[in-house]
Amino acid sequence: KRGVSGTVSAVDPGANTFTIKSGPKNVAIQPSGKTEYRRYSPDSVKFSDAQPSSLAEIKVGDQVRVLGDKAGDGASIAAERIVSGSFRQIAATISSVNAETGEVVVKDLATKKTLTVRVNADSTMRRLPPAMAAAMARRYQPGAAKGEDTGQTLDRLPAMPVSELKRGDAIMLSSTTGSDPARVTAVMLLAGVEPLLTASPTATRDIMSGWNLGGGGDQ
């Protein structure tokens, strides 16, 4: 109730504020001298590895989650805590799965390049049931009402082990921006997404940026 998450769309260092896009809304984030900042480290999805940070590290395109007091109209929030991170959102098809090592080789649908995705105990994985995937795809078509918060919907699904992934599956995933662009560690991984990938070219960005920082782990 006191939180908001989204993607940074503008930063104003002079005014000590920044703006995020949260669903269809723009929300002004208003830190104070007492605001606590944390930032995910480049090669870890563990919140416990997040480092103390500052407004100076936040940039356009980052995902953030903010805790604080919202204005009555929801257009701004006086921030008490801010967690930020630089993430990649990727749509891909699986080429191979090694459940023992937790490594999944995929083909990035945007770049056509091969990526190795590492899944560990801190990765959050879900599979959309076919009926839910079809319903969500309808919501992402032009002009459709978005309805319930997608992140909350995904969090209620049961966890999925890496052993349930198979060659040919289409997935969406988000990862931290690590040191090796050909190897990523999954923060969130969503399978059963074939209808969503055909419904909207921005579905991967919209769904994964809304789900980042919001699920499982030790946050």
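As shown above, the structure is provided for reference.
Reading the values: the criteria
- Residues numbered from 1 in each chain as written.
- Predicted model: local features only at pLDDT ≥ 70, side-chain atom pairs only at ≥ 80, totals over all residues.
- Heavy atoms only, no water.
- Helix = DSSP H or I, 4+ residues; strand = E, 2+ residues; numbered from the N terminus.
- Rg over C-alpha atoms; globule rule 2.2 N^0.38 Å.
- Buried < 20%, exposed > 50% of the residue type's maximum accessible area, 1.4 Å probe, protein only.
- Areas by Shrake-Rupley, 256 points an atom, 1.4 Å probe, with all protein chains shown as cover.
- Lys, Arg positive; Asp, Glu negative; His and termini not counted.
- Charge placed at Lys NZ, Arg CZ, Asp CG, Glu CD.
- Core = buried A, V, L, I, M, F, W, Y, C linked by side-chain atoms within 4.5 Å.
- Contact = heavy atoms within 4.5 Å.
- Salt bridge = Lys/Arg side-chain N within 4 Å of Asp/Glu carboxyl O.
- Arc of directions from axis to C-beta.
- Pairing = 2+ DSSP bridges.
- Phe/Tyr/Trp six-rings, centres within 6.5 Å; stacked < 30°, edge-to-face > 60°.

So, the overall build of the chain
If you tally the helices and strands in the chain, you get 4 helices and 13 strands. Against the globule reference of 17 Å for 219 residues, the chain gives a C-alpha radius of gyration of 17 Å, in line with a compact fold. Judged by the C-alpha coordinates and their principal axes, the chain covers about 50 × 40 × 30 Å. Counting across all 219 residues of the chain, residues that qualify as buried make up 43%. Roughly 10800 Å² of accessible area belongs to the chain as shown, and the carbon and sulfur atoms make up 51% of that amount. Charge-centre separation for the chain: the mean point of 27 positive side chains lies 4 Å from the mean point of 22 negative side chains.

Observations regarding the nonpolar core
By size, the foremost hydrophobic cluster in this structure holds 24 residues, and its most contacted members are L128, L154, M172, L190, V193, L196 and I207. For this core, the leading source of residues is helix α4 (residues 203-211), giving 4 residues. If near-sequence neighbours (up to four positions away) are discounted, L196 is found in contact with L128, A133, M136, A137, Y140, M172, A203 and I207.

With respect to the pattern of salt bridges
In a structure, side chains of opposite charge can pair up when their charged atoms sit close to one another. Under the criterion given, the structure shown has 8 salt bridges. Across the pair E103 and R183 runs a salt bridge, and its minimum N-O distance is 2.5 Å. Taken together, the positions of E103 in strand β9 (residues 103-108) and R183 in strand β13 (residues 183-191) put the pair 80 residues apart, joining distant regions of the chain. Residue classification places E103 among the partly exposed residues on the basis of a relative accessible area of 25%.

Some words on helix α1 (residues 130-139)
Considered for burial, the residues of α1 that qualify are A133, M136, A137 and R139. Buried residues along α1 cover an arc of 155 degrees about the axis, so they all sit on one side. When the buried face of α1 is taken as reference, the exposed residues oriented beyond 90 degrees from it are P130, A131 and R138.

A closer look at the pairing of strand β3 (residues 25-30)
As defined by bridge partners, strand β2 (residues 17-22) adjoins β3 across 5 bridges and the pair is classed as antiparallel. Looking at β3, one finds that F18 is bridged to I29. Hairpin remark: β2 followed by β3, antiparallel, with 2 residues in the connecting loop; positive phi at G23, about 65 degrees. One ladder, built from 3 bridges, connects β3 with strand β7 (residues 76-85); its direction is parallel. Bridge assignment links Q30 to a residue of β7, and that residue is A78.

Focus on the packing of aromatic side chains
Tallied over the full model, the rule gives 1 aromatic pair. Pairing Y40 with F87 gives two aromatic rings, centres 5.8 Å apart and planes at 65 degrees, and the pair type is edge-to-face. With a gap of 47 residues between them, Y40 in the loop between β4 (36-39) and β5 (51-52) and F87 in strand β8 (residues 87-98) connect regions that are remote in the sequence. Under the relative-accessibility criterion, Y40 is labelled buried at 11%.

Any functional reading would require information beyond the geometric quantities listed.
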